[in-house]
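# Chain and residue survey
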Amino acid sequence: MKFGWLVGTYLVAGVVLALAFAGGLLRAMPAPARPAPTSPTPTHYVNLSIVMAPNGWPQYSPANFTVPAGRAVITIVDHDLPNNWAGCSCVVTGTVGQVEYVNGTAERAVSDENVAHTFISAQLGLSVFSPGDSTVSFSVNLAPGVYAWYCVTPCGAGTDPSTSAPMGLPGYMAGHITVS
Ligand SMILES: [Cu+2]
């Protein structure tokens with residue numbers, strides 16, 4: 001009788017130990033993999049160029065374009081001649097990192113010795129400067145909407161280049177960005 005009680009005690013102790021061991025094993029097992037974090041905002045690419053129209057006026061091409069919401073990398077290939085715009089502070093604003101890349105070099109402000117055109121949007125707080133005969137690129141985060149842009153460098157063809165066409169002319173030195 002005493003022997004049976006002893007065996008029972010050992011059995012209970014064995015089961016308790018086995019359960020504790022199994023619990024430890026479960027805790028040691030790696031946690032199930034968590035779902036991957038949501039993918040980063042996709043980047044969209046917009047390629048613009050500044051060409052000389054048949055009438056001799058410089059022209060953004062395209063002047064109006066659509067881009068999905070999110071981050072856009074906009075590249076401007078400026079085929080116009082270099083242009084001195086003395087006195088321009090030409091500080092880049094509204095872009096990711098407050099920089100633009102001129103022929104691959106990050107610039108916070110662009111030398112006034114060569115600013116052929118600008119890409120400005122008051123609505124976006126965006127100021128980008130395009131030296132002639134160069135390639136500029138910049139990143140900007142865009143929410144859905146329609147945003148006007150325009151050039152403010154005196155690039156007109158008349159006697160007063162700050163007011164004469166194509167300055168302010170939609171399709172040449174002004175247009176809209178549609179962010180869908
Ligand atoms: Cu211009």
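Residues numbered from 1 in each chain as written. Predicted model: local features only at pLDDT ≥ 70, side-chain atom pairs only at ≥ 80, totals over all residues. Heavy atoms only, no water.

## Concerning the nonpolar core
Ranked by internal contacts, the top residues of the largest apolar core, which has 32 residues, are L48, Y60, I74, I76, F119, F138 and I177. Take this core: its biggest share by element is four residues, from strand β9 (residues 134-142). Residues contacting F119, with those up to four places away along its chain left out, are L48, Y60, F65, I76, L126, S127, V128, F138, W149, Y150 and I177. (Core = buried A, V, L, I, M, F, W, Y, C linked by side-chain atoms within 4.5 Å. Buried < 20%, exposed > 50% of the residue type's maximum accessible area, 1.4 Å probe, protein only. Helix = DSSP H or I, 4+ residues; strand = E, 2+ residues; numbered from the N terminus. Contact = heavy atoms within 4.5 Å.)

## As for the coordination of the copper ion
In the first shell of the copper ion, the protein supplies H117 (ND1), C151 (SG), C155 (SG) and M173 (SD), at 2.1 to 2.4 Å from the metal. Here the copper ion binds four donor atoms, and the angle range of 99 to 125° at the metal identifies the geometry as tetrahedral. (Donors = N, O, S within 2.8 Å, 3.2 Å for Na, K, Ca; no water. Tetrahedral: all angles 85-135°; square planar, octahedral: opposite > 155°, others 65-115°.)

## Some details on the pairing of strand β11 (residues 174-179)
Where strand β3 (residues 65-67) and β11 come together, three bridges link them in parallel fashion. Within the sheet, the bridge partner assigned to T66 lies in β11 and is T178. Both strand β10 (residues 145-150) and β11 contribute to a ladder of six bridges, which runs antiparallel. Note on β11: the bridge partner recorded for Y150 is A174. (Pairing = 2+ DSSP bridges.)

## As for the state of the cysteines
Within the structure shown, the criterion is met by one disulfide. Between the sulfur of C88 and that of C90 lies a disulfide, 1.9 Å long from S to S. Between C88 and C90, the S-S torsion sits near 115°, and that sign places the bridge as right-handed. (Disulfide = S-S within 2.5 Å.)

## Description of the sheet that holds strand β6 (residues 105-107)
Taken together, six strands build an open sheet; the order of strands is β2-β1-β4-β9-β5-β6 and the sheet is mixed. Each edge of the open sheet carries a strand with a single partner, namely β2 (58-61) and β6. For this sheet, the mean angle separating the axes of adjacent strands, direction not counted, is 25°. Where strand β4 (residues 70-78) lies against β9, nine bridges are found, and the strand directions are antiparallel. Looking at the pairing, R71 lines up with N141 of β9. (Axes fitted to C-alpha atoms, helices over the stretch in contact; angles between N-to-C directions.)

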